[in-house]
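Now for the letters of each chain:
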Amino acid sequence: MGENAEAENLNAICREAKAEGKLSGKNLTDLYDLFGQRFTKALDALKENRIKKYIFKPSGRTVWIVVGRERDYLLMPEAEFCTCDDFYFRVLDQKVHLCYHLIAQKVARNLGWFDTIEENDDLYASLMTEWKKATP
Ligand SMILES: [Zn+2]
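Conventions adopted
Residues numbered from 1 in each chain as written. Predicted model: local features only at pLDDT ≥ 70, side-chain atom pairs only at ≥ 80, totals over all residues. Heavy atoms only, no water. Helix = DSSP H or I, 4+ residues; strand = E, 2+ residues; numbered from the N terminus. Buried < 20%, exposed > 50% of the residue type's maximum accessible area, 1.4 Å probe, protein only. Phe/Tyr/Trp six-rings, centres within 6.5 Å; stacked < 30°, edge-to-face > 60°. Lys NZ or Arg CZ within 6 Å of the ring centre and 35° of its normal.

Engineer: It is not clear to me how unusual backbone geometry should be interpreted in this structure. Could you clarify?
Structural biologist: Working note: non-glycine residues mostly have negative phi, and peptide bonds are mostly trans. Here the amide bond leading from lysine 57 into proline 58 is cis, since omega sits at 5°, within 30 degrees of zero. The phi angle at asparagine 49 is positive, at roughly 60°, despite the residue not being glycine. The residue asparagine 49 is located in the loop between α3 (37-47) and β1 (51-57) in this model. The backbone of glutamate 80 sits at a positive phi, close to 50°, despite the residue not being glycine. You can see glutamate 80 is positioned in the loop between β3 (72-76) and β4 (81-82). Looking at glutamate 80, the relative accessible area reads 18%, which means it is buried.

This is the structure in structure tokens:
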């Protein structure tokens, strides 16, 4: 399965879940069939409320973060980009493309399962530096 098919399947399931306001048993099964362990990890992140949407004021810039065990991961969902090693090496190898952070973020965004954190624009540069630091 190519990376696009994977993302398209995830988007289709997210649309369904959004319409229902929840993940159905079938959604869960389908997601597990699609992503296996990656979905298990995504679901843990969702259950543990580790998906954060930062909104910087007054610019309105938005940054998504998944709080990890050892560090935070910066996501750029529009570009399907993540700062984790998993993402980095998979993309280099042209393997499966969506890391569990991106899967979790998509589900979170569609179901509203995330925290919104407002920060002042003054902090944007230093936070971004911090979040990008661990990128290989
Ligand atoms: Zn990632």
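Engineer: It is not clear to me how the packing of aromatic side chains should be interpreted in this structure. Could you clarify?
Structural biologist: Given two aromatic rings, their pairing is described by the distance between the two centres and the angle made by the two planes. Within this structure, the stated rule accounts for 4 aromatic pairs. Considering the side-chain rings of tyrosine 54 and phenylalanine 56, the 6.4 Å spacing of their centres and the 20° angle between planes classify their relative orientation as stacked. Between the aromatic rings of phenylalanine 56 and tyrosine 124, the centroid separation amounts to 5.0 Å while the plane-to-plane angle is 90°, which identifies the pairing as edge-to-face. Residue phenylalanine 56 is found in strand β1, and its partner tyrosine 124 is found in helix α6 (residues 124-132); the two are separated by 68 residues along the sequence. Like phenylalanine 56, the residue tyrosine 124 is buried in the burial classification. Of the aromatic side chains, those joined through ring pairs into one cluster are Tyr54, Phe56, Tyr124 and Trp131. Between the NZ or CZ atom of arginine 61 and the centre of the ring of tyrosine 124, over which it lies, the distance is 3.7 Å.

Note that all results are geometric; they support no functional claim without further evidence.
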